Every structure is written in structure tokens, then in C-alpha cells.
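# Working through the structure, step by step
For reference, the chains in residue letters:
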Amino acid sequence: MPDATELELTAQEIREAHADSILDTEFHRGRAVLLVNPLRIKAVLEHLYGKGYTMLASLHGVDYYPDEPRLGVLYEMLDRRRVDRISVKARVSTEEPHIDSVVDMFPGADFPEREVYDMFGVVFDGHPDLRRILMPEDYEGYPQRRDFPVGGEPVLFTYNEEQNYGKYV
């Protein structure tokens, strides 16, 4: 992990190259995080790629309900030469949940982006095959959002079969 000073230097370097890209930095418990403008995510990841962070170790979604912008996409970047890791976080609103796809830079982002789309509803612009991966195509809603109704289908037992499904004939 870069230390707090190196994180700030990296953020400043990226700000100089791309003016409105870095919104903030976080350094907590040894974890370095860049908070990025979602419109500039590709530029930031390309810059980090040039600095040696060539492996996308993880890409996943987060729901920060009730805060806005509510939905987050977290990219864990790894520099395998220095064994160094940095996290890149971008947040989008539920009204306009769009962010650029990074599949062209990191082919391994294909399925994780589809999963974030399927579970949280974040649309990855430019993704080659953006469709549901875990839920049925006709499924409505996004199950990992915090406002998703909990409960689901009733479990069928012999004592409640008739009330749930009608009398079997």
C-alpha cells in the first residue's frame, strides 16, 4: 500500500494530468483510496496503469444508502512489481447510474461489471455484453440495493401448500 504521503502525491499527479478527476483521498488502516469523478474513471485508471498498477484485482459495487450519490463502484488495482495496492472509488446517483466500462483496458472486468449491473443497477457505458448474469433477464429490481424488499417467496411446506398454491388436484 502506498503510504499517506505517496497517496497524496499520486492524487496530485493525476489532478495535474486530469484537472477534475480526483475528488478526495482516504487513508485508513493502511488502505489507500482515491475518490474519483465517475466521468473521469478511465483516465484515472489509465494513469495508474502507466504507473505500474496493471492488474485489476477486484471490481465490485456498494450501496451507500441513504447517502447520495448512493451507488459506488470500487476498483482494486495492484502493482505486481512492487506488490502495491490502491483502491479507486467512484460514486454515481440512482437517477443517473452510468459509468464508463473498463473491459477494453482490463478484459477480466467483463463479468464483475455485469454482476454490479445485475445486483446494483449501475450501467457500464461501452460494455460489450451488458446483461444480467445472476438474475433472470426479466427480473425487476436490484437485489443488493439496501432498499430492496427482504422476504422473497414463501417456503412451501405441507401445512401451507394449499394457502400458497391452491388445492392440488
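Below is a short write-up of the structure. Because the structure is a prediction, the values reported are computed rather than measured.

### A closer look at the sheet that holds strand E5 (residues 84-92)
Here five strands make up an open sheet; going across it, the order is E1-E2-E5-E4-E3 and the pairing mixed. Every other strand in the sheet has two partners, leaving strand E1 (22-28) and strand E3 (55-63) as the edge strands with one partner each. Pairwise comparison of adjacent strand axes, ignoring direction, gives a mean angle of 20° for this sheet. The pairing of E1 with strand E2 (residues 31-36) spans six bridges and is antiparallel. Note that in E2 the partner of glutamate 26 across the bridge is valine 33. Sheet strands touched by helix H1 (residues 4-17): E1, E2 and E5. Its angle to E1, the strand with the most contacts, is close to 170°. Taken strand by strand, helix H3 (residues 110-120) contacts E3 and strand E4 (71-79), and its axis lies near 5° from that of E3.

### A word on the pattern of salt bridges
Using the criterion set out here, one finds 13 salt bridges in the structure. Here arginine 31 ties to glutamate 76 by a salt bridge, and the two come within 2.8 Å at their closest N and O atoms. Residue arginine 31 is found in strand E2, and its partner glutamate 76 is found in strand E4; the two are separated by 45 residues along the sequence. A residue is classified by how much of its surface remains accessible, and arginine 31, at 33% relative accessible area, is partly exposed. Here arginine 114 ties to aspartate 129 by a salt bridge, and the two come within 3.8 Å at their closest N and O atoms. In this pair, arginine 114 is assigned in helix H3 and aspartate 129 in the loop between strand E7 (123-125) and helix H4 (161-165), connecting sequence segments 15 residues apart. Its relative accessible area of 6% is what places arginine 114 among the buried residues. Among the charged side chains, a salt-bridge network with shared partners connects Glu6, Asp79, Arg82 and Asp84.

Parameters and conventions
Residues numbered from 1 in each chain as written. Predicted model: local features only at pLDDT ≥ 70, side-chain atom pairs only at ≥ 80, totals over all residues. Heavy atoms only, no water. Pairing = 2+ DSSP bridges. Helix = DSSP H or I, 4+ residues; strand = E, 2+ residues; numbered from the N terminus. Axes fitted to C-alpha atoms, helices over the stretch in contact; angles between N-to-C directions. Contact = heavy atoms within 4.5 Å. Salt bridge = Lys/Arg side-chain N within 4 Å of Asp/Glu carboxyl O. Buried < 20%, exposed > 50% of the residue type's maximum accessible area, 1.4 Å probe, protein only.

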